[in-house]
Amino acid sequence: MPRATRATRITGLLASVLILVGAAAACGSSDSPSDEAESGSGSGSSKAPASSAFPVTIPNKYGSTTIKSEPKRVVTVGLTDQDAVLALGTVPVGTTEWIGGYKGAVGPWAQDKLGSAAAPTVLKDTGTGPQVEKIAALKPDLILALYSGLTKAQYDTLSKFAPVVAQPKEFNDYGIPWQQQTQTIGKALGRSGEAAKLVEGVEAKFAEAKKAHPDFAGSTAVMATPYEGTFVYGSQDARSRLLSDLGLKLPADLDKVIGDQFGANISKERTDLLDQGVAVWIVPDTTGAVAKLHKDKLYADLKVVKEGREVFVQETGDYGNAVSLSTVLSIPYVLDRLVPQLAAAVDGDPATKVEQPAS
C-alpha cells in the first residue's frame with residue numbers, strides 16, 4: 001500500500017457500527033477501565049508523574065475525555081503516537097502498525113527509549129478500523145488516537161474499555177502537529193513539563209537549521225509522491241510541516257487545491273503547483289521512479305527540474321519512514337539528512353548535486 005494512501009484507507013473505510021458494538025459486547029466493558037487494568041511488563045515509566053496531574057480532561061473531536069489517574073497500560077491507535085509515549089518514559093502495551101518492518105512498531109530513532117522492555121503488541125488496521133477485540137484483550141487504561149482518523153462509532157466503542165484521547169477537532173484527521181501531539185500525550189500521562197522540554201529541544205534544532213540556512217526563508221517548497229499520478233501533501237500534513245517548520249513557504253493555494261484532507265492527487269493542469277523553490281519527492285526508489293517522473297514532459301519542463309532543485313527521499317528504509325512519521329523522536333533523525341539536501345537544492349546553483357544520505 002503506497003505511503004500516501006495508508007491513512008486514506010483508514011479514513012475511507014468505515015467499520016460497521018453493528019460489528020463494532022458486537023465486538024464490544026463480546027469483549028465486555030467497564031465504567032472504570034483503569035480499575036480493572038493490570039500492571040504489565042510491556043509498560044513502564046522512567047519518572048512518576050505528579051499526583052496533582054490527575055484527574056485531567058482533554059478535549060477531542062467528539063467531546064472530551066477525563067483520565068482519573070496515572071495510566072499504566074497504554075495502547076496507541078494513532079499511527080505515530082507511540083513515539084511521544086516512549087519519549088515520555090512509558091512503553092505502550094500495544095501499538096498500531098502503519099509502517100512495517102519494526103518490532104513493536106518502534107523505529108531505530110526510538111529504540112533507546114524502549115531499552116530492555118518487552119516490545120509492544122502490534123495491532124493492525126485491516127481496513128475496518130481498530131482491532132477492537134485485540135485492544136480489549138490488552139486491558140488498556142488509556143487509548144491514544146491523536147494521529148488518526150477515528151470515527152465517532154469507533155471512538156464510542158473503544159471508550160467502553162478505557163478513556164480514549166482522539167484526534168483534535170481543530171485539525172484535519174491525521175493533521176495534528178507533532179508539537180501538540182507530544183504535549184497532549186504528556187498531559188494524558190501526567191508529564192506536561194517533560195513534554196514541553198521535549199518540544200523545546202526539537203524546536204531548537206529547527207531554529208539552528210534556519211539560522212544556518214537563511215535562504216530557506218526565501219524559498220517555497222512542496223512535498224509530493226508519485227502515487228496514481230501526483231499526490232501532494234497539504235499544509236496540515238506532518239511531512240509538509242517539516243518544510244514550513246524549517247522556514248520554507250508552502251504554495252499559497254496548496255490547501256485550496258487539495259481541500260480539507262491531509263493530501264490529494266492533483267490534475268495534470270495543476271502540475272505548476274510543483275514548480276517551487278524546491279520539490280521534495282517521497283519515491284519508491286531514487287533511480288527508476290525518478291527517471292519515470294522525468295519522462296513526464298509537463299513536469300520535466302518545469303524550472304524546478306531544469307535547475308536541479310529536487311530532493312528525493314526513498315519511501316522505504318529508515319530515512320523515508322522517519323519522514324512519514326515526523327514525530328518528536330524521528331524529526332531529529334530526519335533533520336540530519338533532509339537539511340543538507342534542502343540546502344543543496346535551494347542554493348541557486350544548478351550544478352550543485354543533491355546527494356542522497358549515506359544511511
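Here goes a summary of the coordinates provided.

Here is what the cut-offs are and how they apply
Residues numbered from 1 in each chain as written. Predicted model: local features only at pLDDT ≥ 70, side-chain atom pairs only at ≥ 80, totals over all residues. Heavy atoms only, no water. Helix = DSSP H or I, 4+ residues; strand = E, 2+ residues; numbered from the N terminus. Buried < 20%, exposed > 50% of the residue type's maximum accessible area, 1.4 Å probe, protein only. Contact = heavy atoms within 4.5 Å. Areas by Shrake-Rupley, 256 points an atom, 1.4 Å probe, with all protein chains shown as cover. 1 Å grid on protein atoms, 1.4 Å probe; cavity = no way out; pocket = protein on both sides within 12 Å on 5 of 7 lines; lining within 4 Å. Points joined across faces, edges and corners; volume = space filled by probe spheres on them. Nonpolar A, V, L, I, M, F, W, Y, C, P; charged D, E, K, R; others polar. Pairing = 2+ DSSP bridges. Axes fitted to C-alpha atoms, helices over the stretch in contact; angles between N-to-C directions. Salt bridge = Lys/Arg side-chain N within 4 Å of Asp/Glu carboxyl O.

Looking now at the overall build of the protein chain. The helix and strand tally for the protein chain stands at 16 helices and 12 strands. Within the protein chain, buried positions represent 54% of all 359 residues. In the protein chain, the proportion of contacts linking residues at least 24 apart, taken out of those at least 6 apart, comes to 71%. Accessible surface, the protein chain as shown: approximately 15000 Å² in total, 52% of it carbon and sulfur.

Tallied over the entire structure, the rule returns three cavities of 30 Å³ or more. A volume near 80 Å³ is recorded for the second largest cavity. What lines the second largest cavity is simply L79, Q82, D83, T96, E97, W98, I99, Y102, A105, V106, G107 and L325. Among the residues forming the lining of the second largest cavity, the class breakdown is seven nonpolar, three polar and two charged.

Moving on: helix α10 (residues 238–245). Most of α10 sits out of view: seven of its eight residues are buried. Those residues of α10 lying buried are A238, R239, S240, R241, L242, L243 and D245.

The subject of this paragraph is the sheet that holds strand β4 (residues 94–96). Strand pairing in a sheet is mediated by backbone hydrogen bonds. Such pairs are either parallel or antiparallel. What the five strands build is an open sheet, ordered β5-β4-β3-β6-β7; its pairing is parallel. Two strands in the sheet have a free side with no partner beyond their single neighbour: β5 (121–123) and β7 (164–166). Neighbour to neighbour, the strand axes of the sheet diverge by 20° on average, direction disregarded. The pairing of strand β6 (residues 142–145) with β7 spans three bridges and is classified as parallel. Residue pairing for β7: L144 is matched across the bridge by V165. Set on the sheet, helix α8 (residues 178–189) makes contact with β3 (74–76), β6 and β7; between it and β6 the angle comes to about 175°.

Considering all chains together, one arrives at 12 salt bridges under this definition. Between D296 and K268 there is a salt bridge, with the nearest N and O atoms lying 2.6 Å from each other. Highlighted residues: D296 in the loop between α12 (288–294) and α13 (297–300) and K268 in the loop between β10 (263–266) and β11 (278–283), separated in sequence by 28 residues. For D272, the salt bridge goes to R270, with nearest N and O atoms at 3.0 Å. According to the relative accessible area criterion, D272 is partly exposed, its value standing at 39%. R270 sits in the partly exposed class, given a relative accessible area of 24%. Among the charged side chains, a network of salt bridges with common partners joins E70, K72, R191 and E194.

Okay, the pairing of strand β9 (residues 230–233) next. The alternating pattern of β9 places T230 and V232 on one face and F231 and Y233 on the opposite face, and all of these are buried. Sheet analysis places strand β8 (residues 221–225) next to β9, joined by two bridges and oriented antiparallel. Bridged to T225 within β9 is F231. The loop that links β8 with its antiparallel partner β9 comprises four residues; one of these, E228, has a positive phi angle of about 50°. As defined by bridge partners, β9 adjoins β10 across four bridges and the pair is classed as antiparallel. What sits directly across from Y233, in β10, is G263.

To continue, consider unusual backbone geometry. For the bond from F54 to P55, the omega torsion is 0°, close enough to zero to count as cis. In this structure, A105 is a non-glycine residue whose phi angle is positive, near 60°. Following the sequence through the fold, A105 ends up in the loop between β4 and α5 (111–114). Here S326, not a glycine, exhibits a phi torsion of approximately 45°, which is positive.

The next point concerns the layout of surface pockets. The calculated volume of the largest pocket comes to roughly 300 Å³. Lining the largest pocket are 15 residues; nearest its centre among them are P226, G229, T230, L293 and D296. Of the residues in the lining of the largest pocket, the class split is eight nonpolar, four polar and three charged.

By themselves, these observations are geometric and do not establish any function.
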